[in-house]
Every structure is written in structure tokens, then in C-alpha cells.
Amino acid sequence: ASHYSNIRPSNPMNENPPSFQPINALEDALIEAQAGRLDAQGFLDTLMRAQVFVLIDKDPGAEDWDNTATPLVLPNGNGLPVMAVFTAAERSEIWPARIPQFAHGLPTDFRTLVRGIAKEVGIVINPGHAAGLELSADRVAALALGAVLQ
């Protein structure tokens, strides 16, 4: 359990999450990690190689796309900022109804994402779902450093 000291299951704003059926390799790894059958490093290795999905406030397909889109950032249980990252586009579907300005999605490599995230921001994976977790800002910074060195 000590391997997960800063990888906590996360379920903000949803007390009764729907059942979760994995639909890709990243979700399979997430389920295995939450069940204790995959250690934290094994899950993080899978995550670093994965494509993820983020919600943003601008349409990436628009002709005037200028790369200044803001990603969806939520407060965690301690009020600290965490960027919402989803294991598949389907996992983000509940959020545009809750926060309409973030109606656009963007697939991206997780490795690229962590290199660009602000130092004080953590990551919450699949907020509102039973299969999700939170990475502290310190863990995200360590992953970003590793992404640059590899």
C-alpha cells in the first residue's frame, strides 16, 4: 500500500459512480492497479505510454485554433488544482453538461501532457468514475522530469 501513498482513488463530485467496464489497455491497467494486482510503477509505466483525453475550452478543429486552450482543472478533496484527464473520450461525457465551457475534447499523449502541466497542478484520472485516481502535483512533476530525460 505504501507504493500508492500519493496515488489515491478519486471520485470527486460523484457519490454513486456507474459500474466501470474497461475499454482499452490503460483502463485494464488501472483496474489491475486498483485491485492490487499491478504495482504503482507498472501502472505509471503504462500511463506514460498511453494516449489520454482532456476537455478544453476551445474547439481544436476550428480554423482560428491558436493553441491557447485551457484544460478542465478541478479542485481535489483538499482544494488543490488537478487537471482532469480521461482514459478514453467516453469517460469525459458527464462533464460538459456540468461545466459547459469545457465542451471540446483533445486526445494527447500522456507523456506530452505531463511535460506541459504547471508545477503546482496534479492530475485526476477519470473524475466521477469508479475507476480513477489522483496523482499529486509532486508526482506529476517527477513524471514530467522522467519524460524529459527519456
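Below: a short report on this structure. Predicted model, so just to flag it, every value in this text is computed and none were measured.

On to the overall build of the protein chain, then. For the protein chain, the helix and strand inventory stands at five helices and seven strands. Start at the N end of the protein chain and walk to the C end: the helices and strands fall as β-α-α-β-β-β-α-β-α-β-β-α. Within the protein chain, the proportion of its 150 residues that are buried is 43%. When contacts within the protein chain are restricted to residue pairs at least 6 apart in sequence, long-range pairs at least 24 apart make up 72% of them. Here the protein chain displays about 8,000 Å² of accessible surface, and carbon together with sulfur accounts for 52% of that area.

Tallying each qualifying case throughout the model produces zero aromatic pairs. Positioned above the aromatic ring of Phe-20 is the side chain of Arg-91, whose terminal nitrogen or guanidinium carbon lies 3.9 Å from the ring centre. Lying over the aromatic face of Trp-95, Arg-98 brings its terminal NZ or CZ to 4.8 Å of the ring centre.

The subject of this paragraph is the environment of Ala-40. By the secondary structure assignment, Ala-40 is in helix H2 (residues 40–49). Under the relative-accessibility criterion, Ala-40 is labelled buried at 4%. A sequence separation of 10 residues divides Ala-40 from Leu-30, and the C-alpha atoms of the two residues are 9.6 Å apart.

Glancing now at the layout of surface pockets. Of the volumes computed, that of the largest pocket is approximately 280 Å³. Forming the boundary of the largest pocket are 14 residues, of which Val-54, Ile-56, Pro-71, Leu-106 and Leu-113 lie nearest the centre. For the lining of the largest pocket, the elements supplying multiple residues, two or more each, are strand S2 (51–56), strand S5 (104–109) and helix H4 (110–116). With three residues, H4 is the single largest residue contributor to the lining of the largest pocket. Residue composition of the lining of the largest pocket, by class: 10 nonpolar, four polar and no charged.

A few words now on unusual backbone geometry. Residues other than glycine seldom take positive phi values, yet Asn-126 does so here, at roughly 55°. Structurally, Asn-126 is set in the loop between strand S6 (122–125) and strand S7 (133–135). Under the relative-accessibility criterion, Asn-126 is labelled buried at 0%.

Once that is clear, we can look at the pairing of strand S4 (residues 81–85). Where burial is concerned, most of S4 is hidden: four out of the five residues are buried. With three bridges joining them, strand S3 (residues 73–75) and S4 adopt antiparallel strand pairing. Of the residues in S4, the one forming a bridge with Leu-74 is Val-82. Hairpin geometry of S3 and S4 is characterised by an intervening segment of five residues between the two adjacent antiparallel strands and by a positive phi of about 80° at Gly-79.

Taken residue by residue, helix H1 (residues 25–34) has Leu-26, Glu-27, Ala-29, Leu-30 and Ala-33 as its buried positions. Buried residues of H1 fall within an arc of 160° about the axis and therefore sit on the same side. In this structure, the buried residues of H1 make contact with H2, S2, S6 and S7. Trailing H1 by a residue or two, Gly-36 shows a phi angle of about 80°, which is positive.

Here we take up the nonpolar core. Counting 29 residues, the largest nonpolar core has Phe-43, Leu-47, Phe-110, Ile-123 and Leu-135 as the members making the most contacts within it. Looking at this core, the elements with two or more residues in it are H1, H2, S2, S4, H4, S6, S7 and helix H5 (137–149). Grouped together as the second largest cluster of nonpolar side chains are 11 residues, Leu-55, Leu-72, Trp-95 and Ile-99 included.

Cut-offs and rules
- Residues numbered from 1 in each chain as written.
- Predicted model: local features only at pLDDT ≥ 70, side-chain atom pairs only at ≥ 80, totals over all residues.
- Heavy atoms only, no water.
- Helix = DSSP H or I, 4+ residues; strand = E, 2+ residues; numbered from the N terminus.
- Buried < 20%, exposed > 50% of the residue type's maximum accessible area, 1.4 Å probe, protein only.
- Contact = heavy atoms within 4.5 Å.
- Areas by Shrake-Rupley, 256 points an atom, 1.4 Å probe, with all protein chains shown as cover.
- Phe/Tyr/Trp six-rings, centres within 6.5 Å; stacked < 30°, edge-to-face > 60°.
- Lys NZ or Arg CZ within 6 Å of the ring centre and 35° of its normal.
- 1 Å grid on protein atoms, 1.4 Å probe; cavity = no way out; pocket = protein on both sides within 12 Å on 5 of 7 lines; lining within 4 Å.
- Points joined across faces, edges and corners; volume = space filled by probe spheres on them.
- Nonpolar A, V, L, I, M, F, W, Y, C, P; charged D, E, K, R; others polar.
- Pairing = 2+ DSSP bridges.
- Arc of directions from axis to C-beta.
- Core = buried A, V, L, I, M, F, W, Y, C linked by side-chain atoms within 4.5 Å.

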